[in-house]
Amino acid sequence: IERTSCSDHDRRSCPSPLEPLTARGRHLYAGEPFTAIEASDFNLLNRFQHGEDIDPILAQRAGAGFNMLRVWTLYNLGPGIGVLLDPDYARIPAFLQACARHGLYVELTAFTSTERPEHWPALVTACRQRPKGAVLLELVNEGDLPVNTIDMARYPRPADVLCSHGSAGSQTVPPWEPWDYLGWHTNGAFEEQRKLGHNAMEKPEAAIGWRGPTLTNETSRYPDVGMWVGSDPARCVNLAFDSAAGAALLCAGSCFHSVQGKNSTLWDDATLVVARAWATGARSVPRSVQSEGYRRRDDLLVPGLLRVYQRGDSDAGIVRIRA
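For clarity, every value in this text was computed on a predicted model and none was experimentally measured.

## Thoughts on the packing of helix H7 (residues 233-250) against helix H9 (residues 269-283)
Then, in step 1: Where H7 meets H9, the axes come as close as 7 Å, and the angle between the chain directions of the two elements is 30°. The angle between H7 and H9 falls in the class roughly parallel. You can see that H7 and H9 cross each other, and the crossing is right-handed. Along the contact surface, H7 presents Cys 236, Val 237, Ala 240, Phe 241, Ser 243, Ala 244, Ala 245 and Ala 248, while H9 presents Val 273, Val 274, Ala 277, Trp 278, Thr 280, Gly 281 and Ala 282.
Then, in step 2: Looking at the contact of H7 with H9, its residues break down into 12 nonpolar, 3 polar and no charged.

Here is the structure:
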């Protein structure tokens, strides 16, 4: 993958060149421990393959500190998201390369609202045109919801692409085998800012014995869903920072979801402020502590704090989640 400039954002968000991602233990690695700092951009491939210039969007996401985008590949969800029923598999490697030039990995979701059996093998083949580990592949978005139900028995696990069997609905552990990593969703959850990380760490292990990487790859949509509703600008910044910091400490990473991310347009000024806070929170946790032992620090709770979590013994491994 081509080298990319990291002069305008943290190198943690912009490896140069992009190192292949691997799954090991509870975390992802890109040569060294890696925190996924993801943003929803569901309609981005659609815009790219139909001739739009997506470079301003890529530059904005990378410049805000993100290192991964969640992109859908087959859906009929207009006008809020878009319609992509004619994916051009031959253009997917060029799309991934365009993202890589900005230091952005891509998580491609195969099925959302529409099922075509031939789509999965064609998408896997397209992903194999990039170096192994340059892209993550998710079979289905919220596959336990009736609108997204597919016949999972049709779709084998690819041996040479980092992949997830798919996510379930909010706060639900997918009941199927996760494959390389598990997708966890928290849309609309009560006290979501703590559940992005803590419940992503605990719930899959309790439910299915999963001890591999869990990526919280869909969260409440800013500004009109869940924890954002009724929150003033300062609280939104705090929620963003704390949510992403908790996920960076306790699971494989998190995804900032937004109205503009649904159909892949530029973030407005208010969204950009919150997005930057999300990325800053994710980058506030040293990667060196992520594999250390976990404990809750209820002894550090003071008014205004919801939870305090720690990995390791140093203060650098402490994350405070505000109420």
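## Description of helix H4 (residues 119-127)
Then, in step 1: Three or more residues of H4 are buried, namely His 119, Trp 120, Leu 123, Val 124, Ala 126 and Cys 127. Buried residues in H4, looked at end-on, bunch into an arc of 160°, giving them a common side.
Then, in step 2: Those residues of H4 hidden inside the fold are in contact with helix H3 (92-100), strand E8 (105-111) and strand E9 (135-140).

## Quick word on the sheet that holds strand E1 (residues 22-24)
Then, in step 1: With antiparallel pairing, the 3 strands of this open sheet are ordered in space as E1-E2-E3. Lying at the two open borders of the sheet, with one neighbouring strand each, are E1 and strand E3 (32-34). Between one strand and the next, the sheet's axes are offset by a mean angle of 50°, whatever the strand orientation.
Then, in step 2: Two strands pair when backbone bridges link them, and E1 and strand E2 (residues 27-30) are joined in this way by 3 bridges, in the antiparallel orientation. By the bridge assignment for E2, Thr 22 is matched with Tyr 29.

## Section: the packing of aromatic side chains
Then, in step 1: Scanning all chains against the criterion turns up 15 aromatic pairs.
Then, in step 2: A ring pair is formed by Trp 228 and Phe 256, whose centres lie 6.4 Å apart and whose planes are at 85°; its orientation type is edge-to-face. Note that Trp 228 is positioned in the loop between strand E12 (214-218) and H7 and Phe 256 in strand E13 (residues 253-256), a separation of 28 residues in sequence.
Then, in step 3: We classify Trp 228 as buried; its relative accessible area is 2%.
Then, in step 4: A centroid spacing of 6.1 Å and a plane angle of 45° characterise the contact between Tyr 294 and Tyr 309, whose relative ring orientation is tilted.

## Points about the layout of surface pockets
Then, in step 1: Approximately 210 Å³ is the volume found for the largest pocket.
Then, in step 2: For the largest pocket, the lining is made up of 18 residues, of which Phe 42, Trp 72, Ile 81, Asn 141 and Glu 218 are closest to its centre.

What counts and what doesn't
- Residues numbered from 1 in each chain as written.
- Predicted model: local features only at pLDDT ≥ 70, side-chain atom pairs only at ≥ 80, totals over all residues.
- Heavy atoms only, no water.
- Axes fitted to C-alpha atoms, helices over the stretch in contact; angles between N-to-C directions.
- Helix = DSSP H or I, 4+ residues; strand = E, 2+ residues; numbered from the N terminus.
- Parallel < 35°, antiparallel > 145°, perpendicular 65-115°, else oblique.
- Left-handed = near helix turned anticlockwise from the far one by under 90°.
- Contact = heavy atoms within 4.5 Å.
- Nonpolar A, V, L, I, M, F, W, Y, C, P; charged D, E, K, R; others polar.
- Buried < 20%, exposed > 50% of the residue type's maximum accessible area, 1.4 Å probe, protein only.
- Arc of directions from axis to C-beta.
- Pairing = 2+ DSSP bridges.
- Phe/Tyr/Trp six-rings, centres within 6.5 Å; stacked < 30°, edge-to-face > 60°.
- 1 Å grid on protein atoms, 1.4 Å probe; cavity = no way out; pocket = protein on both sides within 12 Å on 5 of 7 lines; lining within 4 Å.
- Points joined across faces, edges and corners; volume = space filled by probe spheres on them.

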